[in-house]
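Structural overview for review
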Amino acid sequence: MPLTKILFLAAYTGPEGKKMMWTGPNFGLYRMKFYLEHKFPGVVIDVVDPSIIDPDFKKLDYDIIGFSPCHETLEHDLGLMYKAKKDAPRALLAVGGIHATFIHKWFLDESPADFVVLGEGEVPMEDILKRYDAAKGIESLSGIPGVSTRAVPPPKSPNLSPEEFSFCSRLMDFGRIPYLSHWEANSAQYKNPDLVAIRTVRLFTGNYCPWNCTFCSSTNFLDFSGRGDFDFSKTTKVVTLTAQELYDLLVKVAISRPETKTVIFDDDNFVMSMTRLVDMCKLIIDGKKRGEVPDDMSFICQARIDNFRSSMAKSTLKLMKQCGFRMIMYGVESLAQPVLAEFYKNTPVPLIHEVLNDTMKEGIRPLFYLILFSPGTSLQSVKETVVGALPYLDRECEVTLNFYVQDLPGTHYAKMDLERSYEELPIIVDGEEIKKIQKSTYLYPADPQVRAFARRILDQYPEYREMFKARFGIDHIPGRVYTFIIFYAILEQLECHEEKKNLMEMFERHYAARV
């Protein structure tokens with residue numbers, strides 16, 4: 001009996017997350033859907049985001065129900081898995097994605113999953129649909145590259161070749177992805193929704209970023225699935241779409257979803273090839289003149305600061321602005337050189353300031369990420385990072401904070417003997433607790449003085465938050481306000497009184513009236 005009815009589920013943020021999370025279609029699941037439907041015309045594949053729609057596991061008597069859990073949502077994903085086992089006992093339960101790849105043995109031991117797909121899922125899922133034998137059941141999947149079962153460990157997972165990656169990307173049918181549902185859900189969170197920010201389509205244009213940052217799991221994802229070990233040396237070939245293939249995808253988006261206002265190139269490091277970026281920008285400029293791409297379509301990408309180290313950097317930023325880029329999201333992470341070295345980011349701090357300022361000079365808004373309390377940080381490094389970021393807040397750059405490093409499976413930190421925090425979390429099915437799991441959450445600073453300082457900031461955060469609310473008459477605390485509150489608390493505790501005064505004046509000048 002062939003496997004013809006499949007349900008893929010995105011990570012589930014939980015009942016409270018439905019009210020708070022910014023949602024978007026899971027690009028990887030739709031890639032697999034369109035690839036498998038192309039290979040097997042009789043197969044029906046539904047993709048559901050449980051943070052928007054409650055999944056009905058009985059709808060089609062599914063043969064496979066696939067889950068894509070994240071570390072942050074693990075307890076909610078497990079709850080859905082147990083519910084699926086209860087409501088659809090005949091279905092095979094599959095798990096895949098970055099998180100599942102690194103802890104595939106845990107999922108087979110601690111969840112009702114029947115098998116785990118490691119690495120990129122297109123080819124392993126194709127093999128599963130070809131080889132499954134109902135008479136043998138799950139045993140018929142043993143030996144498929146990239147598939148882990150309770151009976152056998154997974155043979156090495158095949159990474160997509162450049163031709164396969166391009167083929168899968170070309171199959172994307174944006175008209176069959178429910179963007180409207182996500183846009184409506186995101187709009188409902190605001191009194192006056194910004195349609196330029198909300199009507200977005202995210203594209204992934206490469207397989208991974210090879211830069212090996214210590215806190216990042218996705219950089220090790222394909223190396224691990226391809227080798228089956230935690231060596232983390234970079235042996236996986238970087239595969240990306242060409243500039244022309246990128247442009248062709250944008251034209252497909254424009255035709256299928258003409259309401260789209262922003263396209264986000266969501267690769268961890270979109271600007272690995274400056275030549276590809278320049279060629280794409282030129283294609284977009286010409287395409288807008290011909291009317292193939294809407295003139296008001298704007299673009300956002302993620303990048304490393306040192307992508308813009310070359311002599312081409314300034315002219316490329318001009319070209320990006322000309323074609324419609326309105327924001328670049330930089331993985332700065334710290335403005336203290338010792339912490340950058342800890343993260344395996346050997347970017348000179350002066351270069352960070354140079355690139356951020358060059359970006360703003362061209363009229364592109366930088367958003368940059370900071371991790372405040374890394375395992376190896378010092379109070380001096382925390383001060384340098386906070387004080388160094390203040391001028392950018394005053395120029396209305398977005399500064400997004402991670403207070404601690406997340407303790408994600410598959411990172412370099414995951415192999416180190418560090419102080420970790422854990423949570424014991426209930427697994428809920430139909431309102432009842434069926435078990436508990438222990439999940440690691442964050443990595444704490446090794447220095448006891450820094451660790452105590454960080455905990456004091458978090459303990460006193462509610463007081464600082466209420467002070468901001470009372471002083472400025474605000475109710476909602478979005479990310480940019482959270483950044484101001486945390487910075488204020490740190491500056492006060494470090495007795496940086498002049499900087500703290502300047503921070504409050506900035507907030508009143510730029511943000512208070514908006515929130």
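Preceding this section is the structure that the text describes.
All residue numbers refer to positions counted from 1 along the written sequence of the respective chain. Local features in this predicted model are restricted to residues whose pLDDT is 70 or higher, and side-chain atom pairs enter the listing and the counts only when it is 80 or higher, whereas totals over whole chains, interfaces and linings include all residues. To get the side-chain values, take all heavy atoms of the structure and skip hydrogens and water.

Strands are runs of DSSP state E lasting at least 2 residues, helices are runs of H or I lasting at least 4, and numbering of each runs from the N terminus. Helix and strand content of the chain: 19 helices and 14 strands. With the radius of gyration taken over C-alpha atoms, the globule rule is written as 2.2 Å times the number of residues to the power 0.38. Computed over the C-alpha atoms, the radius of gyration of the chain is 23 Å, within 12% of the 24 Å expected from 2.2 N^0.38 for a compact globule of 515 residues. Here's how the labels work: a residue is buried when its accessible area is under 20% of the maximum for its type, exposed when over 50%, partly exposed in between, all with a 1.4 Å probe on protein chains only. Sorting the 515 residues of the chain into buried and exposed places 56% on the buried side. Counting only carbon and sulfur atoms, one obtains 52% of the accessible surface of the chain, whose full area is about 21,900 Å². Lys and Arg are tallied as positive, Asp and Glu as negative. Neither His nor the chain termini are counted. We put the charge of a Lys on NZ, of an Arg on CZ, of an Asp on CG and of a Glu on CD. Looking at charge distribution, the chain has the averaged site of its 61 positive side-chain charges lying 3 Å from that of its 69 negative ones. Each accessible area value is a Shrake-Rupley result obtained with a 1.4 Å probe; residue values ignore everything except the protein chains displayed when judging cover.

With that out of the way, let us pick up the packing of helix 16 (residues 379-394) against helix 19 (residues 497-510). Under this scheme, a helix contributes an axis fitted over its contacting stretch, all axes are lines through C-alpha atoms, and angles between N-to-C directions fall in the 0 to 180 degree range. Running from amino to carboxyl end, helix 16 crosses helix 19 at an angle of 20 degrees, the nearest separation of the two axes being 10 Å. Considering the angle they form, helix 16 stands roughly parallel to helix 19. Here helix 16 and helix 19 pass one another in a crossing that is left-handed. Taken together, the residues of helix 19 that come into contact with helix 16 (itself represented by V387, L390, L393 and D394) are E499, L503, M506, R509 and H510. Its residues placed into classes, the contact of helix 16 with helix 19 shows five nonpolar, one polar and three charged. In what follows, roughly perpendicular refers to angles from 65 to 115 degrees, roughly parallel to angles under 35, roughly antiparallel to angles over 145, and oblique to any angle outside these ranges. By definition, any crossing whose near helix is turned counterclockwise from its far helix by less than a right angle is left-handed, and any crossing with a clockwise turn is right-handed. The contact criterion used throughout is that any non-hydrogen atoms of two residues lie within 4.5 Å. Just so you know the grouping, Ala, Val, Leu, Ile, Met, Phe, Trp, Tyr, Cys and Pro go in nonpolar, Asp, Glu, Lys and Arg go in charged, and all remaining residues, Gly too, go in polar.

The next subject is unusual backbone geometry. Even without glycine at this site, D61 takes up a positive phi of about 50 degrees. Summarising the element assignment, D61 is placed in the loop between strand 2 (44-48) and strand 3 (64-67). In this structure, E396 is a non-glycine residue whose phi angle is positive, near 65 degrees. Tracing the sequence through the fold places E396 in the loop between helix 16 and strand 12 (398-406). According to the relative accessible area criterion, E396 is partly exposed, its value standing at 26%.

A few words on the sheet that holds strand 6 (residues 147-148). What makes two strands pair is DSSP finding at least two bridges between them. In space, the six strands of this open sheet follow the order 2-1-3-4-5-6, with mixed pairing throughout. Because the sheet does not close on itself, it has two edges, and the strands there are strand 2 and strand 6. Here strand 5 (residues 115-117) pairs with strand 6 via two bridges, running antiparallel. Note on strand 6: the bridge partner recorded for V117 is V147. In the packing of helix 2 (residues 27-39) onto the sheet, contacts are made with strand 1 (5-9) and strand 2, and the angle to strand 2 comes to roughly 170 degrees. On top of the sheet, helix 3 (residues 74-87) reaches strand 1, strand 3 and strand 4 (92-96); it is set at about 175 degrees to strand 3, its chief contact.

Salt bridges are defined by distance alone: a side-chain nitrogen of Lys or Arg within 4 Å of a carboxyl oxygen of Asp or Glu. The full count for this structure, using the stated rule, is 36 salt bridges. One salt bridge in this structure joins E354 and K314, with 3.6 Å as the shortest N-O distance. Pair noted here: E354 is in helix 15 (residues 349-361) and K314 is in helix 13 (residues 313-323), with a separation of 40 residues, a long-range link. Taking relative accessible area as the criterion, E354 reaches 39% and is therefore assigned partly exposed.

A word on the environment of Y247. Position of Y247 relative to the elements: it lies in helix 11 (residues 243-256). In the structure, Y247 is positioned 134 residues away from S381 in sequence and 42 Å away in space, judged by C-alpha atoms. Setting aside residues up to four positions removed in sequence, Y247 forms contacts with L283, I284, G287, R290, E292 and V293. Any pair of nitrogen or oxygen atoms within 3.5 Å is treated as a polar contact; in protein, a donor-acceptor pairing is required on top of that, and neighbouring residues in sequence qualify only through side-chain atoms on both sides. A polar atom in the side chain of Y247 sits 3.5 Å from the side chain of R290.

This paragraph deals with the nonpolar core. Ranked by internal contacts, the top residues of the largest apolar core, which has 126 residues, are F265, F308, F325, Y330 and F487. In terms of residues, this core owes the most to one element, helix 18 (residues 479-493), which gives nine residues. Not counting residues within four places of it along the chain, the set of residues in contact with F487 comprises L370, L372, V386, A389, L390, L393, V399, L401 and L503. The next biggest cluster of nonpolar side chains, apart from the first, holds 33 residues, and it includes L7, L9, F67 and L93. Residues belong to a common nonpolar core when they are buried Ala, Val, Leu, Ile, Met, Phe, Trp, Tyr or Cys residues joined through side-chain atoms within 4.5 Å.

Further remarks concern the packing of helix 12 (residues 274-290) against helix 13. The N-to-C vectors of helix 12 and helix 13 enclose an angle of 30 degrees; their axes lie 9 Å apart at closest approach. If you check the angle between helix 12 and helix 13, you find them roughly parallel. Handedness of the helix 12/helix 13 crossing: left-handed. Across from M274, L277, V278, C281, K282, I284, I285 and K288 in helix 12, the residues of helix 13 making contact are T316, L319, M320, Q322 and C323. Residues that form the contact of helix 12 with helix 13 fall into these classes: nine nonpolar, two polar and two charged.

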